[in-house]
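Chains, contacts and geometry: an overview
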Amino acid sequence: MPHETRLIMGMPVCVAIHDAAATLQDMDAVFRIFTNADRRFSPFRPDSELSHLNRREIAPEECSDSMHEILALAEETRIQSNGYFDIRRPDGTLDPCGIVKGWAINKAAEELARRGLGDFFIDAGGDIQACGRNAKGAEWCIGIRNPFQAKEIVKVLYPRGAGVATSGNYLRGPHIYNPYAPEAPLDEVVSLTVIGPDILDADRFATAAFAMGREGIVFIERLAGFEAYEIDAGGTARMTSGLGHYLS
């Protein structure tokens, strides 16, 4: 069955499709979604649509439907998170990286479902959407890594169709910040893993919650349909009250 990893959007994108009907064309269709997302939304590519928008070479009303979708989702998340999710950087430019990855994974999952494929696993930089069963016919499981010991798994999750996203500054350095105090380091929480109805929701709220510091897991606790697992700078873990549903 198709199983492949490609480096896209500056990260490994791993796709496994365990379905007898799967073809290499299905795999290519998935990776094409990530490639197109990178070309459109990357703040690091001078030729991306986002870069043209940030340089005011195109007006917001001239943007693609996909860009309008991302900007609308970002604004909705900003409101839902009381301003802690904000794609507008201190210099006034837009950086939607905190939402685009989950959006692309979700689009890829929708594409596979549209093609009639129900057993797959998509992992982009540690954010995951799984559906159906793995090659052994068992439930997909996901390990939460110890941010202080990369080879150690501290929890095993069974997402059962939910999306799983982890936010933290321990791998990529400081790239998430508190919009209300952009210069203050976010160093109390090292890793925050969020489980949501799908990877798009898990990803956007994981980013928002991490920006809140120690209050982030409290925010997730209050969100219907979401759970979280936090590891703080001292190595202490906290979890939301319903996380046990995904542990066995």
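Data block above holds the structure.
Residues numbered from 1 in each chain as written. Predicted model: local features only at pLDDT ≥ 70, side-chain atom pairs only at ≥ 80, totals over all residues. Heavy atoms only, no water.

Digging into the overall build of the protein
Put simply, the test is: Elements are defined by DSSP. Helices are runs of H or I of four residues or more, strands are runs of E of two residues or more, and each kind is numbered from the N terminus. The globule rule is 2.2 Å times the number of residues to the power 0.38, and the radius of gyration it is compared with is taken over C-alpha atoms. Only protein chains enter the accessibility calculation, which uses a 1.4 Å probe; a residue whose area is less than 20% of its type maximum is buried, one above 50% is exposed, and one in between is partly exposed. When checking whether two residues touch, look at their non-hydrogen atoms; a contact exists if any pair is within 4.5 Å. Methods summary: accessible areas were calculated by the Shrake-Rupley approach with a probe of 1.4 Å, and residue burial reflects only the protein chains presented.
When its secondary structure is counted, the protein shows six helices and ten strands. A compact globule built from 248 residues would reach a C-alpha radius of gyration of about 18 Å, and the protein, at 18 Å, matches this within 12%. Along the longest, intermediate and shortest principal axes, the C-alpha atoms of the protein span 50 × 45 × 30 Å. Burial status across the protein gives 48% buried among its 248 residues. Once local pairs closer than 6 in sequence are excluded, the contacts in the protein between residues at least 24 apart make up 57%. Carbon and sulfur atoms make up 51% of the accessible area of the protein, which amounts to about 12000 Å² in all.

Things to note about the nonpolar core
Just so we agree on the cut-off: Throughout this description, the term nonpolar core refers to a set of buried Ala, Val, Leu, Ile, Met, Phe, Trp, Tyr and Cys residues connected via side-chain atoms within 4.5 Å.
Judged by nonpolar contacts, the single largest core of 56 residues is most densely connected at Val 13, Val 15, Ile 17, Phe 34, Trp 103, Ile 122 and Ile 220. Considering each element in turn, this core owes the most residues, nine residues, to helix H5 (residues 199-211). Not counting residues within four places of it along the chain, the set of residues in contact with Ile 122 comprises Cys 14, Val 15, Phe 34, Ile 105, Ala 108, Ala 109, Leu 112, Asp 127, Ile 128 and Gln 129.

As for the packing of helix H3 (residues 65-80) against helix H4 (residues 97-114)
Relative placement of two packed helices is described by the angle separating their axes and the distance separating the axes. Using the following cut-off: Lines fitted to C-alpha atoms define the axes here, with helix axes fitted over just the stretch in contact, and angles between the N-to-C directions of these axes take values from 0 to 180 degrees. With respect to orientation, any angle under 35 degrees is reported as roughly parallel, any angle over 145 as roughly antiparallel, any angle of 65 to 115 as roughly perpendicular, and every other angle as oblique. Each crossing gets its handedness from the near helix: less than a right angle anticlockwise from the far helix is left-handed, clockwise is right-handed.
For the pair H3 and H4, interaxial distance at closest approach is 11 Å and the crossing angle is 120°. Taken as axis vectors, H3 and H4 run oblique relative to one another. Considering the relative orientation of H3 and H4, their crossing is right-handed. Of the residues in H4, those in contact with Ser 66, Glu 69, Ile 70, Leu 73, Ala 74 and Thr 77 of H3 are Ile 99, Val 100, Trp 103 and Lys 107.

Here's the deal with the pattern of salt bridges
Inclusion rule: Salt bridges are counted wherever a side-chain nitrogen of Lys or Arg sits within 4 Å of a carboxyl oxygen of Asp or Glu.
Following the criterion strictly, the structure yields 18 salt bridges and no others. Lys 101 serves as the salt-bridge partner of Asp 127, at 3.2 Å between the closest nitrogen and oxygen. On the criterion of sequence distance, the pair formed by Asp 127 in strand E4 (residues 127-131) and Lys 101 in helix H4 is long-range, its members being 26 residues apart. By relative accessible area, which is 1% here, Asp 127 ends up buried. By relative accessible area, which is 15% here, Lys 101 ends up buried. Here Arg 204 and Asp 201 are joined by a salt bridge, their closest N and O atoms 2.8 Å apart. With Arg 204 and Asp 201 both in helix H5 and three residues apart, the pair spans about one turn of that helix. Judged by its relative accessible area of 18%, Asp 201 is buried.

As for unusual backbone geometry
The phi dihedral of Arg 56 falls on the positive side, at around 60°, and the residue is not glycine. One non-glycine residue with positive phi stands out, namely Arg 160, at about 50°. The partly exposed category is assigned to Arg 160, whose relative accessible area is 36%.

Here's the deal with the layout of surface pockets
Taking a probe equal in size to a water molecule and rolling it over the atoms shows the remaining empty space. Heads up, the condition is: Throughout, the protein atoms alone are placed on a 1 Å grid, and a set of points is a cavity if a 1.4 Å probe fits but cannot get out or a pocket if it is open with protein on both sides within 12 Å along at least five of seven lines; lining residues have an atom within 4 Å of a point. Grid points are joined across faces, edges and corners, and a volume is the space filled by probe spheres set on the points. Residues are grouped as follows: nonpolar covers Ala, Val, Leu, Ile, Met, Phe, Trp, Tyr, Cys and Pro; charged covers Asp, Glu, Lys and Arg; every other residue, Gly included, is treated as polar.
Quantified by volume, the second largest pocket comes out at close to 230 Å³. Around the second largest pocket sit 13 residues that line it, and Leu 53, Asn 54, Pro 60, Arg 88 and Leu 94 are the ones nearest its centre. Elements with a contribution of two residues or more to the lining of the second largest pocket: helix H2 (49-54) and H3. Per-class residue counts for the lining of the second largest pocket are six nonpolar, four polar and three charged.

Some points on the packing of aromatic side chains
We count it as follows: Ring pairs are drawn from Phe, Tyr and Trp, using the six-membered ring of Trp, whenever the two centres fall within 6.5 Å, and their geometry is named by plane angle: stacked under 30 degrees, edge-to-face over 60, tilted for the rest.
For the structure on display, the rule yields five aromatic pairs. Seen in terms of ring centroids, Phe 205 and Phe 226 are 5.3 Å apart; in terms of plane orientation they differ by 80°. Their pairing is edge-to-face. Of the two residues, Phe 205 is situated in helix H5 and Phe 226 in the loop between helix H6 (216-222) and strand E9 (227-232); the sequence distance between them amounts to 21 residues. The exposure classification of Phe 205 matches that of Phe 226, with both residues buried. Linked through ring pairs, Phe 205, Phe 219 and Phe 226 together constitute an aromatic cluster.

Digging into the environment of Pro 159
Relative to the elements of secondary structure, Pro 159 occurs in the loop between strand E6 (149-157) and strand E7 (163-167). Between the C-alpha atom of Pro 159 and that of Phe 120, which follows or precedes it by 39 residues, the distance is 13 Å. Look past the residues within four positions of Pro 159 in its chain and what remains in contact with it is Trp 140, Cys 141, Ile 142, Val 164 and Tyr 246.

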